[in-house]
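So you can see what is in the structure, the chains are spelled out below.
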Amino acid sequence: MAFTCATGKNRASGKHRRPGRFERTTARAAGVAALTATGVIGTLAAPALAAEPAAEQTGLIPVITVDDTLADQIDAQAAAQRQAAQEAAARKQAAEEAARKKAAEKAKQEREAKERAAREAERKRLLSYVAPISGSYVSTGYKSGGAVWSSGSHTGVDFHAASGTSVHAVGSGTVVEAGWGGSYGNNIVIKMNDGTYTQYGHLSSIGVSVGQTVTPGQQIGLSGATGNVTGPHLHFEARTTAEYGSDIDPVAYLRSHGVNV
Ligand SMILES: [Zn+2]
């Protein structure tokens with residue numbers, strides 16, 4: 001018993017660690033060794049010689065010592081690897097979360113920018129003006145004289161258009177008249193959003209009703225030859241009020257709103 005081994009000293013030095021796989025294996029081996037030793041020596045009755053310490057009294061001591069040191073090292077290494085893996089996993093998760101947040105923020109900004117652009121485009125569209133007949137031309141000018149007009153001169157312009165051609169609201173506004181207009185035939189008057197009025201005469205068909213709001217380019221009816229006409233066309237007027245006689249030059253009016261006529 002005097003040759004108390006290095007292992008014993010290690011344990012007595014107060015070094016604490018939880019048992020690892022190798023140590024448990026070692027303990028089992030020590031138990032087997034103790035039983036064998038009991039059989040051979042027959043003197044292992046002292047409490048100090050229970051289990052592992054008993055094994056230290058056998059010839060296995062150097063092996064156990066090496067195994068324990070190795071187990072310490074492997075345990076420490078495994079613990080370090082586990083910690084490193086946990087830290088790496090935590091870093092990866094944090095990076096992924098940050099990337100997700102960044103992507104979500106970017107998508108949100110892009111969506112908002114797209115919505116802003118769409119609102120701006122729609123605002124511009126509603127402020128824009130178009131010709132009442134697409135791809136047409138003025139066949140009779142403003143203020144041109146002739147017996148056909150009750151005032152003695154033309155209060156609007158005539159756009160060349162075969163019967164049944166689509167007639168468009170030239171801009172945004174509200175329909176204030178839609179029906180028979182005497183010499184204008186079937187006609188529509190729109191109060192534009194800027195306070196001016198536009199009139200569309202001689203229609204073969206009316207597609208809107210009073211109170212309805214219209215947007216630039218919206219079809220409001222079809223051209224025709226109703227009222228006081230010699231043939232199909234669209235009579236178009238621009239006015240400062242809803243009343244007849246407040247007419248202004250419709251070509252200049254359209255051009256002032258950017259329409260190429
Ligand atoms: Zn006319």
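Attention here is on the structure that accompanies the text. (Residues numbered from 1 in each chain as written. Predicted model: local features only at pLDDT ≥ 70, side-chain atom pairs only at ≥ 80, totals over all residues. Heavy atoms only, no water.)

1. Things to note about the coordination of the zinc ion
- In this structure, His154 (NE2), Asp158 (OD) and His235 (ND1) serve as the protein donors to the zinc ion, at separations of 1.9 to 2.1 Å.
- When the donor residues of the zinc ion are listed from N- to C-terminus, their spacing reads H-x3-D-x76-H. Taken together, the residues span a long stretch of sequence, with His154 in the loop between β1 (138-140) and β2 (157-159) and His235 in strand β10 (residues 234-239) at a distance of 81 residues. (Donors = N, O, S within 2.8 Å, 3.2 Å for Na, K, Ca; no water. Helix = DSSP H or I, 4+ residues; strand = E, 2+ residues; numbered from the N terminus.)

2. What to know about the nonpolar core
- One finds Ile188, Ile190, Tyr200, Ile220, Leu234 and Phe236 to be the most contacted residues of the largest nonpolar core, which totals 25 residues.
- Elements supplying a minimum of two residues to this core: β2, β5 (186-192), β6 (197-203), β10 and α5 (250-256). (Core = buried A, V, L, I, M, F, W, Y, C linked by side-chain atoms within 4.5 Å. Buried < 20%, exposed > 50% of the residue type's maximum accessible area, 1.4 Å probe, protein only.)

3. Digging into the packing of aromatic side chains
- Using the criterion set out here, one finds three aromatic pairs in the structure.
- Seen from their ring centres, Tyr129 and Tyr253 are 6.0 Å apart, and the 85° between their planes marks the pair as edge-to-face. Of the two residues, Tyr129 is situated in the loop between α4 (61-127) and β1 and Tyr253 in helix α5; the sequence distance between them amounts to 124 residues.
- The exposure class assigned to Tyr129 is buried, which follows from its relative accessible area of 12%.
- Each member of the aromatic cluster is reached from another via a ring pair, and the members are Phe159, Tyr200 and Phe236. (Phe/Tyr/Trp six-rings, centres within 6.5 Å; stacked < 30°, edge-to-face > 60°.)

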